[in-house]
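Chain by chain, the residues:
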Amino acid sequence: MTSIYIQKTLSFFSLKELKTAFILALCFSLFIYLFHFGFELYALNTVLGLYAFYLLLLSNRKTLLFAGFFIGLLWFYWIGFSFIYYNLAWVVPLNALGFALIYAFIFWIVSWPSNVFLRALMLFLLSLFEPFDFNWLQPELLFIHSYLGVEKWHYALILLTLSLFIFIKNSKRYLALILLLPVLSFSQGKEQKLPLNIELIQTHLEQDIKWNPSYTNSIIQSNLEHIDKAIEKGVQLVILPESAFPLFLNHHSDLLKQLKEKSQKISIVTGSLYAQDGHNFNATYFFEKGKLTLAKKMILVPFGEYIPLPSFLAKPINKAIFGGAVDYLSATKPTYFNIQGHNFKNAICYEATCHELYEDQPNLMIATSNNAWFMPSIEPTIQRLLMQFYATKNNTIILHAANKAGGGIIYP
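Throughout what follows, the structure given in this document is the object of discussion. Every value quoted in this text rests on a predicted model; they were computed, and no experiment measured them.

The strand order β7-β8-β9-β10-β11 describes an open sheet built from 5 strands, whose pairing is mixed. Lying at the two open borders of the sheet, with one neighbouring strand each, are β7 (336–339) and β11 (408–410). Within the sheet, the average angular offset between the axes of one strand and its neighbour, ignoring direction, is 25 degrees. Where strand β9 (residues 364–370) meets strand β10 (residues 397–403), 7 bridges bridge the pair, whose relative direction is parallel.

Attention shifts here to the packing of helix α4 (residues 61–76) against helix α5 (residues 91–110). At a minimum axis distance of 7 Å, the contact between α4 and α5 shows a crossing angle of 145 degrees. The way α4 lies across α5 gives a crossing that is right-handed. Contacts between α4 and α5 involve Arg61, Leu64, Leu65, Gly68, Phe69, Ile71, Gly72, Leu73 and Phe76 from the former and Ala96, Leu97, Phe99, Ala100, Leu101, Tyr103, Ala104, Phe107 and Trp108 from the latter. Residue composition of the contact of α4 with α5, by class: 15 nonpolar, 2 polar and 1 charged.

Between two aromatic rings, the relevant description is the distance of the centres plus the angle of the planes. Going through the model one piece at a time under the given rule, you end up with 36 aromatic pairs. Centroid distance phenylalanine 28 to phenylalanine 107: 6.1 Å. Interplanar angle 90 degrees. Geometry classified as edge-to-face. Here the residue phenylalanine 28 occupies a position in helix α2 (residues 15–36), and phenylalanine 107 occupies one in helix α5, the gap between them amounting to 79 residues. In this structure phenylalanine 28 comes out as buried when scored by relative accessible area, which is 0%.

A few words now on the pattern of salt bridges. Throughout the structure, instances matching the rule amount to 7 salt bridges. A salt bridge links lysine 393 to glutamate 151; the shortest N-O distance between them is 3.6 Å. Of this pair, lysine 393 sits in helix α12 (residues 379–394) while glutamate 151 is found in the loop between α6 (116–126) and α7 (152–167), placing the two residues 242 residues apart along the sequence. When the shortest N-O distance is used, the salt bridge between glutamate 206 and lysine 404 registers 2.8 Å.

With that out of the way, let us pick up the environment of glycine 290. Mapped onto the fold, glycine 290 is located in the loop between β5 (279–288) and β6 (291–296). Judged by relative accessible area, which is 24%, glycine 290 ranks as partly exposed. Distance in space between the C-alpha atoms of glycine 290 and isoleucine 209 is 31 Å, their sequence separation being 81 residues. Glycine 290 has contacts with Lys260, Ser263 and Gln264, leaving out every residue within four places of it along the chain.

Nonpolar side chains collect at one region of the surface, where Leu175, Ile178, Leu181, Leu184 and Phe186 lie side by side and expose about 540 Å² of accessible area between them. Relative to the assigned elements, leucine 181 resides in the loop between α7 and β1 (198–200).

So, how was this worked out
- Residues numbered from 1 in each chain as written.
- Predicted model: local features only at pLDDT ≥ 70, side-chain atom pairs only at ≥ 80, totals over all residues.
- Heavy atoms only, no water.
- Pairing = 2+ DSSP bridges.
- Helix = DSSP H or I, 4+ residues; strand = E, 2+ residues; numbered from the N terminus.
- Axes fitted to C-alpha atoms, helices over the stretch in contact; angles between N-to-C directions.
- Left-handed = near helix turned anticlockwise from the far one by under 90°.
- Contact = heavy atoms within 4.5 Å.
- Nonpolar A, V, L, I, M, F, W, Y, C, P; charged D, E, K, R; others polar.
- Phe/Tyr/Trp six-rings, centres within 6.5 Å; stacked < 30°, edge-to-face > 60°.
- Buried < 20%, exposed > 50% of the residue type's maximum accessible area, 1.4 Å probe, protein only.
- Salt bridge = Lys/Arg side-chain N within 4 Å of Asp/Glu carboxyl O.
- Patch = residues over 30% accessible without salt bridge, like charges linked within 9 Å, V, L, I, M, F, W, Y side chains within 5 Å.
- Areas by Shrake-Rupley, 256 points an atom, 1.4 Å probe, with all protein chains shown as cover.

Okay, here's the thing in structure tokens:
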């Protein structure tokens, strides 16, 4: 009986299907790792992206189940790293396994239709799906550094082309590739003139130091020095990362006074926390000519700043993991800063990778992040690729100030 069970188990984990699944997942993910190590190989990314979707359309259900598992690991193995700072390091591998199993299930659902055109439809719908409000697996992202476009209609046409190529069984199948001609894109993000002389500050604080009260004064002093140096260089706008001041800034009147005084010489954008009526907000503070404008975060990080589950499930999870801490509250609408006559849309970390922030196609966006939660990992790389994705689609210049990694100017 035991030998029969072992044989069935081994037959389920077919070596051929596992191999195909791993190759598929590698083709689906390699562009992230290439970019992480400084390579933008447009021709290779084009070929690998097309081959990944070809295998997704052609492979059997078991192969896609395994492929989803590998994709979940390759894209999101880092997702639980933040638990280390809650003294829950043991959760990290379980979290990675959980994401792998979730995406295994998602790709298994995608594989349900055997008809290639219905399978293509499922893959298209996958680009609209956000499990637990988490949207970082965008299938079109595979082509961000390729010779193919990243619009929804581009993605639909790519899937249709590959479906026809598989469906047609003779040499005429190659004619289907003509449909890719409208999808070809040889434009790359080019540096553009900015409306102001802007300096982005990248800090290098480890997460366990950043929120340690013993280091608060030195962090504040370092931030003020960055601002003073920017003033000396004649910079018009200085941008510091998310939670650059690791405290509730609106409770520190002396520090607010210093920042307002410095803003007579330079416009200042910085991240910090904001407390109001017993509620906490992740916020961006903008100082100009002695005046303060506040932007509260609108789109919170699922399972980081809030738990996207019914309250009867969310409360015990919150108590077990976060010690019962109150969830952050969110703003009801995004905020624009008018900085020396120019409008900049504000985005805090996760927001800059969400389509909702780009619905009005802003010309300029200030994004701030604290990526120390997930270091060392590919998280800042995926974040930057997603920002490039939305910048390209919406013709938006993103000014990204980050702690640890991922910062810089992103041109459409």
